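# Fold and geometry: a report
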Amino acid sequence: MRRPLVAGNWKLNGSRASNRALLEGLTAGLAGLSTEVMACPPYVYLAEAVATAEDSGLLIGAQDVAEQASGAYTGEVSAAMLRDVGCTHVIVGHSERRTLFGDTDERVAAKFSAAKAAGLVPVLCVGESLAEREAGTTEAVVARQVAAVLDAVGPQGLDGAILAYEPVWAIGTGRTASPEQAQAVHRGIRDQLAAADARIGTETRILYGGSVKGANAAELFAMQDIDGGLIGGASLDAQEFLTICQAAAGRDS
Ligand code: PGA
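The following paragraphs examine the structure supplied in this document. Because the structure is a prediction, the values reported are computed rather than measured.

This part is about unusual backbone geometry. Leaving glycine out, the prevailing phi sign among residues is negative, and the prevailing peptide bond configuration is trans. Within the chain, Lys 11 stands out as a residue other than glycine whose phi angle is a positive 50°. Relative accessible area serves as the criterion here: at 22%, Lys 11 is assigned to the partly exposed category. A positive phi angle, near 60°, is found at Ser 211, a position not held by glycine. On the secondary structure map, Ser 211 appears in the loop between strand E7 (205–209) and helix H10 (214–221). Owing to a relative accessible area of 14%, Ser 211 belongs among the buried residues under this scheme.

So, about the site of the ligand. The environment of the ligand is made up of 13 residues, and the closest members are Lys 11, His 94, Glu 166, Gly 172 and Ser 211. Between an oxygen atom of the ligand and a side-chain N or O atom of Lys 11, the distance comes to 2.7 Å. Surface burial for the ligand is 95%, taken as the share of its 280 Å² of free accessible area covered by protein chains. Its residues assigned to classes, the shell around the ligand shows four nonpolar, seven polar and two charged.

Within the fold, Phe 241 resides in helix H11 (residues 238–249). With 28 residues separating them in the primary sequence, Phe 241 and Lys 213 have C-alpha atoms 7.6 Å apart. Beyond its immediate sequence surroundings of up to four residues, Phe 241 is in contact with Val 6, Ala 7, Gly 8, Leu 26, Val 37, Met 38, Ile 231, Ala 234 and Ser 235.

Here eight strands make up a closed barrel; going around it, the order is E1-E2-E3-E4-E5-E6-E7-E8 and the pairing parallel. Averaged over all adjacent pairs, the angle separating strand axes in this sheet is 25°, with direction ignored. When strand E6 (residues 162–165) meets E7, the two strands line up parallel, connected through four bridges. Pairing of Ile 162 across the sheet is with Arg 205, part of E7. On the sheet, helix H5 (residues 105–117) packs against strand E4 (89–92) and strand E5 (121–126) and is oriented at approximately 160° with respect to E5. Packing of H11 onto the sheet brings it into contact with strand E1 (5–9), strand E2 (36–40) and strand E8 (228–231), and relative to E1 it is tilted by some 160°.

It is worth spelling out the pairing of E7 at this point. Of all five residues in E7, five are buried, a share of seventy percent or more. The side-chain alternation of E7 yields two buried faces, one formed by Arg 205, Leu 207 and Gly 209 and the other by Ile 206 and Tyr 208. Direction of pairing for E7 relative to E8: parallel, over a ladder of two bridges. Looking at E8, one finds that Gly 209 is bridged to Leu 230. For the crossover that starts at E7, traverses H10 and ends in the parallel E8, the hand is right-handed.

Its 13 residues place the ends of H5 18 Å apart at the C-alpha level, agreeing with the 18 Å of an ideal helix rising 1.5 Å per residue. The complete set of buried residues in H5 reads Asp 105, Val 108, Ala 109, Lys 111, Phe 112, Ala 114 and Ala 115. Residues of H5 that are buried sit in contact with helix H3 (79–84), E4, helix H4 (95–100), E5 and helix H7 (138–153). Gly 119 sits one or two positions beyond H5 and adopts a positive phi of about 85°.

Volume-wise, the largest pocket comes out at about 450 Å³. Lining the largest pocket are 17 residues, with Lys 11, Leu 12, Gln 63, Arg 97 and Phe 101 positioned closest to its centre. Take the lining of the largest pocket: its biggest share by element is three residues, from H4. Here the residues of the lining of the largest pocket sort into eight nonpolar, four polar and five charged.

Once that is clear, we can look at empty space enclosed by the protein. Evaluated as defined, the whole model comprises one cavity of 30 Å³ or more. A volume near 50 Å³ is recorded for the largest cavity. Taken together, Arg 16, Asn 19, Arg 20, Leu 23, Tyr 45, Glu 48, Ala 49 and Thr 52 make up the lining of the largest cavity. Of all the elements in the fold, those that place two or more residues in the lining of the largest cavity are helix H1 (16–29) and helix H2 (46–53). Per-class residue counts for the lining of the largest cavity are three nonpolar, two polar and three charged.

Right, let's talk about the side chain of Asp 197 for a bit. Inspection of the secondary structure assignment puts Asp 197 in the loop between helix H8 (179–196) and helix H9 (198–203). The buried charged residue Asp 197 lacks any salt bridge partner; its closest oppositely charged side chain belongs to Arg 199, at an N-O distance of 4.8 Å. Within the structure, Asp 197 has its side chain in polar contact with the backbone nitrogen of Arg 199 (distance 3.0 Å). Residues in contact with Asp 197, not counting those within four places in the same chain, are Pro 155 and Gln 156.

Thresholds, definitions, all that
Residues numbered from 1 in each chain as written. Predicted model: local features only at pLDDT ≥ 70, side-chain atom pairs only at ≥ 80, totals over all residues. Heavy atoms only, no water. Buried < 20%, exposed > 50% of the residue type's maximum accessible area, 1.4 Å probe, protein only. Helix = DSSP H or I, 4+ residues; strand = E, 2+ residues; numbered from the N terminus. Near = heavy atom within 4 Å. Polar contact = N/O pair within 3.5 Å; in protein donor to acceptor, adjacent residues only side chain to side chain. Areas by Shrake-Rupley, 256 points an atom, 1.4 Å probe, with all protein chains shown as cover. Nonpolar A, V, L, I, M, F, W, Y, C, P; charged D, E, K, R; others polar. Contact = heavy atoms within 4.5 Å. Pairing = 2+ DSSP bridges. Axes fitted to C-alpha atoms, helices over the stretch in contact; angles between N-to-C directions. Right-handed = clockwise from strand over helix to strand, strands pointing away. Expected span 1.5 Å × (residues − 1). 1 Å grid on protein atoms, 1.4 Å probe; cavity = no way out; pocket = protein on both sides within 12 Å on 5 of 7 lines; lining within 4 Å. Points joined across faces, edges and corners; volume = space filled by probe spheres on them. Lys, Arg positive; Asp, Glu negative; His and termini not counted. Salt bridge = Lys/Arg side-chain N within 4 Å of Asp/Glu carboxyl O.

Here it is in structure tokens:
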């Protein structure tokens, strides 16, 4: 049984004061939830978030990581540094990194490897643009993005890692993939992983992301291969985010 996970990607939002209020709201609502829950604040707030979340069960992850381990890479933050401040997870390959900051499939694979080497759980994001969906290339694009990492680390390198399918046209647009559209891609990803290694295919959690809200979470999480969500906008409101977490917990029952 794959335990559901709901992760909040806070992106470039918040302040020390607003983070504290949000984290306190989240930790207060976590008790008894069977879902794993994670928050991903901006780098500079991670250490404080780890301290605030301590003993609550809330996981703290980063939104990105350097592919390099150390050296003359001004502005970068390494996987070991993220571990050092208490992070357990890191998002790699978010579409905003790919499209706005030039993260190629190869760089995403290098970041994935760097995360694994430092003992972090990578959350690998994949997904097609609107033009790619309309051109009928969704499966090919997603398969290429997954293959870049599989080729770099091998099937066993995905052991314990998490995938997130996030169609670019659904991120921050209010336009969600239908449960059936999402399920079809999730199934394709699982089949691709299973072809490389049956156990990895069965055990890997695949999250859906892109305009998930309290109102649409349950129908998405009811699909067989959707194991939780990666949530942007709706993760900035504790009550809304907890409603999504409860919908994922309902997947278990
Ligand atoms: P959204 O973002 O929930 O605001 O669409 C999702 C994401 O970018 O991870």
